[in-house]
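Each chain, letter by letter, is given below.
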Amino acid sequence: MISINKGLDMVMAYPPPTADSPFGLTPLSIMYPGKMFEDQGKSVVYWDGRWDPPEMLDDYIREAKEIGVSCFTGYQAGHAADILERAKRLNPKIVTHVGGHHARLCTAEVKQEPFVDQVWPERAYHEHSFPFSPEAQRLWKRGNMQYITSSGCPYACTFCALRSAWEPRPLAQIEREINTLYDLTGFKEVSFSDPNIGYEKTRGPDGHTERHNRVERLKGIGKILRPLGIKWDGNIRADYITQELVDVMAWSGCFSIEFGCESGNDEFLRKVIKKGHG
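This one's a predicted model, so the numbers in the text were calculated from it and none came from an experiment.

### Brief notes about the overall build of the chain
A tally of regular secondary structure across the chain gives ten helices and 13 strands. In summary, the chain has a C-alpha radius of gyration of 20 Å against a globular reference of 19 Å for 278 residues, a match within 12%. Expressed along its principal axes, the backbone C-alpha trace of the chain runs to roughly 60 × 45 × 45 Å. When burial is assessed residue by residue, the chain has 47% of its 278 residues classed as buried. Counted over contacts in the chain with a minimum sequence separation of 6, partners at least 24 positions apart contribute 69%. Carbon together with sulfur atoms contributes 51% to the accessible area of the chain, which is approximately 14000 Å² in total. The distance from the centre of the 34 positive side-chain charges to the centre of the 37 negative ones in the chain is 3 Å.

So, in structure tokens, the structure goes:
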């Protein structure tokens, strides 16, 4: 843990997402931007309201130059506001940052809050990286393992805040990171939180479309997980499903999968929520 007596640049805080959720997924939404600040040469500590005591956050706030929070609209945003208001009372000079989906969707409103100094409105920051500082390792070690094998989703569903270019993590990087996390924690289940785990197109450096075979990619992920005995869950678009894909998902260790079934009406899927099929 970073000694606050030596000076502290940034606190990354994760407010409780709900009052009673049994899930304790890895707080990636503060870990990736935290790694971004670490790569800028800043000292960074993390605080997770589901596990860490309020007194710990207060100690960090008194010494830190900056504090960042990530939050969804609703319960978590309310707790984020409480944290930042308290930060300004305890340390009037602290610079406050807000990111996450609430900041992205309600940017103008968040900027108007007197306790907010900077808003980060992009969908994600530094998701290509691998947070693994001693501080980040503390977060990986507890709760339910969460990881992304890809980021972004190009579909224009009107109800969703996750639209951005799809960026698959290279299989070699996934293998290196999964093995590193397994050595650290010995985890046996992981939630893949990819917005679109089965997409197949990326834009190459030359601007041309590159295609990825979703069956082969999931088979490659399975080859990483199976020797370690790791099972996984996630979500996927219903129109991707084929018997071949289901067989590979089961072989790769998938034990639970979620589908977004927003409507049974094809016209509504196409014209209203713009799901991309129907």
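### Some points on the environment of E113
Secondary-structure assignment places E113 in the loop between helix 5 (107-111) and strand 5 (118-119). Residue E113 is classed as partly exposed on the basis of its relative accessible area of 35%. Spatially, the C-alpha atom of E113 lies 48 Å from that of R226, the residues being 113 residues apart in sequence.

### Thoughts on the pattern of salt bridges
Working definition: two side chains of opposite charge can pair if their charged atoms are close together. For the structure on display, the rule yields 16 salt bridges. In this structure, the salt-bridge partner of K65 is D9, at a minimum N-O distance of 3.3 Å. Linking K65 in strand 3 (residues 64-70) with D9 in strand 1 (residues 8-14), this pair joins segments that are 56 residues apart in sequence. On the basis of relative accessible area, D9 is assigned to the buried category, the value being 17%. A salt bridge links D39 to K35; its shortest N-O distance comes to 2.7 Å. You can see D39 and its partner K35 sitting in helix 1 (residues 28-39), four residues apart, about one turn around the helix. Look at D39 and you get partly exposed, because its relative accessible area is 47%. What emerges from the salt-bridge pattern is a single network uniting D52, E135, R138 and R142.

### A closer look at a nonpolar patch on the surface
A contiguous nonpolar surface patch, about 220 Å² in accessible area, is contributed by I241, V246 and F259. With a relative accessible area of 30%, I241 lands in the partly exposed category.

Calculation criteria
Residues numbered from 1 in each chain as written. Predicted model: local features only at pLDDT ≥ 70, side-chain atom pairs only at ≥ 80, totals over all residues. Heavy atoms only, no water. Helix = DSSP H or I, 4+ residues; strand = E, 2+ residues; numbered from the N terminus. Rg over C-alpha atoms; globule rule 2.2 N^0.38 Å. Buried < 20%, exposed > 50% of the residue type's maximum accessible area, 1.4 Å probe, protein only. Contact = heavy atoms within 4.5 Å. Areas by Shrake-Rupley, 256 points an atom, 1.4 Å probe, with all protein chains shown as cover. Lys, Arg positive; Asp, Glu negative; His and termini not counted. Charge placed at Lys NZ, Arg CZ, Asp CG, Glu CD. Salt bridge = Lys/Arg side-chain N within 4 Å of Asp/Glu carboxyl O. Patch = residues over 30% accessible without salt bridge, like charges linked within 9 Å, V, L, I, M, F, W, Y side chains within 5 Å.

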